[in-house]
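Structural overview for review
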Amino acid sequence: MKLKIAFDIAKTHLLTKKKQTLVAMMGVTFGIAMFIVMISFMQGVNQFLEDSALDASPHVRIYKQITSDRPSLIQQQNPDGFNVIYHQKPRQELAKIKNGLVIARHIEQQPEVLGVSPQVSTQVFFNTGSVPIPATLAGVDVQREEKLYRLSQRMKAGKIEDLMANANGVILGRLLARKLNLGVGDKVNVTSSTGGTSLLRVVGIFSFGIQTVDDARGYVNTPKVQELIQKDANYITDLHIKMKDPLKAIAFGKELARQYDYRVEDWAMANAAILAGEQIRNVMTFVVSFTLLVVAGFGIYNIMNMNVMNKIKDIAILKATGFDGQDVVAVFMIQSVIIGLMGALLGVIIGFSLSYLLSITPFAAGDFLSIDTFPVKFDPKFYLLGVIFGVITTLLAGYFPSRKAAKIDPVAILRG
Amino acid sequence: MKNIPYSERATILKATNVNKFFLDPVKFQVLKDISFEVKKGEFLSIVGKSGCGKSTLLYILSTMDTAYDGLLEMNGKSLTGLTQNQLAAFRNEHLGFVFQFHFLLPEFTALQNVMLPGLKLGKFSSKEIEERAYQKLKLVDMHEHALKPSSKLSGGQQQRVAIARALINDPTIVMGDEPTGNLDKANSDMVYSIFRDISHNNGQTIITVTHDPDFAEGGDRIIEMSDGHIISHGHEKTVQ
Ligand SMILES: Nc1ncnc2c1ncn2[C@@H]1O[C@H](COP(=O)(O)OP(=O)(O)O)[C@@H](O)[C@H]1O
Ligand SMILES: [Mg+2]
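Please read these numbers as outputs of a predicted model, since none were measured by experiment.

Cut-off values and rules
- Residue positions are given per chain, counted from 1 along the sequence in the order it is written.
- Throughout, the order in which chains and ligands are written sets their labels, letters from A for the former and numbers from 1 for the latter.
- Predicted model: local features are reported for residues with pLDDT of at least 70 only, side-chain atom pairs are reported and counted for 80 or more only, and whole-chain, interface and lining totals are derived from all residues.
- By convention in this description, side-chain values take in all heavy atoms of the structure and omit both hydrogens and water.
- Secondary structure counts use DSSP, requiring at least four H or I residues in a row for a helix and at least two E residues in a row for a strand, with both numbered from the N terminus.
- The reference for a compact globule is 2.2 Å times residues^0.38; the radius of gyration itself is calculated from the C-alpha atoms.
- Contacts were defined at the residue level, with two residues in contact if any of their heavy atoms lie within 4.5 Å.
- The Shrake-Rupley method, run with a 1.4 Å probe sphere, supplies the accessible areas, and residue values consider only the shown protein chains as cover.
- Exposure categories follow from relative accessible area, calculated using a 1.4 Å probe and restricted to protein chains: below 20% of the type maximum is buried, above 50% is exposed, and the middle band is partly exposed.
- Summed over both partners, the accessible area (1.4 Å probe) lost when two parts come together is defined as the buried area.
- The term salt bridge refers to a pairing of a side-chain nitrogen on Lys or Arg with a carboxyl oxygen on Asp or Glu at a separation within 4 Å.
- The definition of a polar contact used here is a pair of N or O atoms within 3.5 Å, where within protein one atom must be able to donate a hydrogen and the other to accept one, and adjacent residues in sequence count solely through side-chain atom pairs.
- Two strands pair under a simple rule: DSSP has to find at least two bridges between them.
- Geometry of aromatic contacts follows a simple scheme: Phe, Tyr and Trp rings, the Trp one being its six-membered ring, pair when their centres are within 6.5 Å, and the pair is stacked under 30 degrees between planes, edge-to-face over 60, tilted otherwise.
- These domain boundaries are the output of an automatic or database domain assignment.
- Fitted lines through C-alpha atoms give the axes, limited to the stretch in contact for helices. The angle between two N-to-C directions lies from 0 to 180 degrees.

A few words now on the overall build of chain B. Each helix and strand counted, chain B has seven helices and 10 strands in total. On C-alpha atoms alone, chain B measures out to a radius of gyration of 18 Å, which is about the 18 Å that the 2.2 N^0.38 rule sets for 240 residues. Across its three principal directions, the C-alpha atoms of chain B cover 45 × 45 × 35 Å. A sequence separation of at least 24 residues applies to 69% of the contacts in chain B between residues at least 6 apart. Counting only carbon and sulfur atoms, one obtains 51% of the accessible surface of chain B, whose full area is about 10600 Å².

A separate point is helix α3 (residues 110-121) of chain B. Most of α3 of chain B sits out of view: 10 of its 12 residues are buried. Close packing links the buried residues of α3 of chain B with α1 (2-16), α13 (312-320) and α14 (325-359) of chain A together with α2 (84-94), α4 (126-139) and α5 (155-167) of chain B. Of the residues flanking the end of α3 of chain B, it is G122 of chain B, one or two places downstream, whose phi is positive at about 70°.

Counting from both sides, the interface comprises 23 residues of chain B and, opposite them, 26 residues of chain A. Regarding the contact of chain B and chain A, the summed buried area is about 2300 Å², with carbon and sulfur atoms giving 67% of it. Three residues, F103, E107 and K120 of chain B, lead the burial of chain B against chain A; their summed loss comes to 28% of the area buried on that side. Counting across the chain B and chain A interface gives three salt bridges. With a shortest N-O distance of 2.7 Å, K120 of chain B and D327 of chain A are connected by a salt bridge. Where chain B packs against chain A, one counts nine residue pairs in polar contact (both at pLDDT 80 or more).

We now examine the pairing of strand β10 (residues 229-232) of chain B. All names here are of chain B. With three bridges joining them, strand β9 (residues 221-226) and β10 adopt antiparallel strand pairing. When the sheet's bridge partners are listed, S226 is paired in β10 with H229. The antiparallel hairpin formed by β9 and β10 contains two residues in its connecting segment, where D227 sits at a positive phi of about 55°.

Residue and element names in this part refer to chain B. Counting across every chain of the model gives 17 aromatic pairs over all chains. On the basis of an interplanar angle of 35° and a centroid distance of 5.8 Å, the ring pair of F43 and Y192 is categorised as tilted. Taken together, the residues span a long stretch of sequence, with F43 in strand β3 (residues 43-48) and Y192 in helix α6 (residues 185-202) at a distance of 149 residues. A relative accessible area of 22% means that Y192 is categorised as partly exposed.

Attention now moves to the domain arrangement of chain A. As assigned here, chain A comprises domain 1 (2-54 + 274-414) and domain 2 (60-71 + 94-270). Computed over C-alpha atoms, the centres of domain 1 of chain A and domain 2 of chain A are 52 Å apart.

Residue and element names in this part refer to chain A. For the structure shown, the criterion picks out 19 salt bridges over all chains. The salt bridge partner of R144 is E108, with a shortest N-O separation of 2.8 Å. In this pair, R144 is assigned in helix α5 (residues 142-149) and E108 in helix α4 (residues 100-108), connecting sequence segments 36 residues apart. On the basis of relative accessible area, R144 is assigned to the partly exposed category, the value being 21%. The class of E108 is partly exposed, set by a relative accessible area of 27%. A salt bridge links K179 to D215; the nearest nitrogen and oxygen atoms lie 3.3 Å apart.

Take the sheet that holds strand β2 (residues 28-39) of chain B next. Residue and element names in this part refer to chain B. In spatial order, the strands read β2-β1-β4-β5; together these four strands make up an open sheet with antiparallel pairing. Since the sheet does not close on itself, it has two edges, and those belong to β2 and β5 (77-78), each with one partner. As defined by bridge partners, strand β4 (residues 69-74) adjoins β5 across two bridges and the pair is classed as antiparallel. If you follow M74 over to β5, its bridge partner there is K77. Across the sheet, helix α1 (residues 54-61) touches β1 (11-22), β2 and β4, and the angle it forms with β2 is around 55°.

Next comes the structure, spelled out in structure tokens:
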């Protein structure tokens, strides 16, 4: 009952000052719309980068790291002594994972694992023309690789089955193929770092949409690489693991690191740069959104203050005829909430429209990323957040003028 | 009421040793030791030269001004020291006030202005309150303008609407600060007869500040003020 009167008075005030109401509303609308566009776009970028990076990289990778960072003989013999060793070099050792195929089979049996692909990769030079072009040749079991990376869906030309059928086949990255000026059916000579050479036939071209991969990788069958570097059929350098749930990869990687004496890297470590970028974008979104909302809040604060000043006589009369401070607060808070809610709803609509327009705007990222339009994420959560922020901002901005209104001394006004 | 001797009638409002100072621009005492009583159903007028403190006194009696020394009681209960919210509720139910300058909410119709204190009190449904508001407007001959925005009414018309508003909750006491200041003779007489009627027949108490000698003479008693003092408490007249 009491609120009903306050609501009626608030409504009358708003309707008789339509222009002022609209201006206050536009502030909120603009703030919320920009907030929604910002967060949708930034989260879209995050999602896109995360997806493409996660897609193209293993959730967990096991490999042998060759470093010079190992205890020397003298340190082992005389651990408490003052030992100085100059220019320690990497030891002559193989990058081989011992029993790699057995380990792969063992890991594959874990229920949370989607698949394991044992690989042997090596640096090679492609020889076309006079300049050797460096690249990485990954020797894979195509079927296992398909299970992990859906390779068949990334083929721009040729089929993955052609690789299985052709012992000398190679599938090249799109940019690498362009650099080498090779198409399906062409032949190319490669030289490995250890001196082995081989003639390969291009059977397909793939694209992950990531420059660093498409520009420098070729897939061949595992035996081909083993032959090229003169190693036996058990020679495995990498185990790529995909989990059913990517978030479980970190814990699973730690577990593997305990079990095996090899270097274990999860996707978060491998993509630290992307995750750092994500954090920066999140902070940016927060700062900009917060600024927009504060500006909208000050707008409402000013207009509500003006409103209270204009209505000072009305407030005095209401108090004189028996309305108390809470009634007066209600009258002005209701006005703020109406402005906030309507502004926020309009902001949500405009924010959605702008986000949609952005999502269909062509965006040429060049070869760096395979993307045609701006990445925008549509998530109802953002819209809900926008409305909540809008209402909270207006509640805060309306509170102080309302309290001022409630404290007005009617006698001072009514004396004239 | 005329059968009961004045001294035996119930005291509705009592002020004891009320003093008030204004500190701005210089400290100055507006009201000096004001003490008086008003009986239930009494039609009291307060007169005095301009600037002698009549309005100031009326604002204190109306409970809107709480910055005074002394004691104010209604029906034997102290109003001094109540919280602002308690006083607001008290005003809503027991006081009707007509201001010296007509004060209505400009964006609302005459009818809405009259209804508002009734809606706040919430004793009747809004339908009943609307009917009652129409009756009160009819009393002051403003029912034909009920649906006009009050900003479109003349000064005198606004003052009559304000009187209707003061009456909406059938208050125990109606206070007026020159309630007929803006009215012509005919309308003044109408307001006078309304006040006369509700004090005589409903037992509602009237306290008005007035400069109109006829209006004052027509009441039950006249208090005369000068320079912040009450110089005459008047005497109860016999009422026919
Ligand atoms: N807010 C105020 N501050 C200081 N002095 C005031 C204020 N209001 C009124 N006064 C002074 O108090 C005295 C009484 O004023 P008021 O009660 O309005 O007189 P009346 O209604 O009898 O004409 C006047 O001298 C006036 O100037
Ligand atoms: Mg006065």
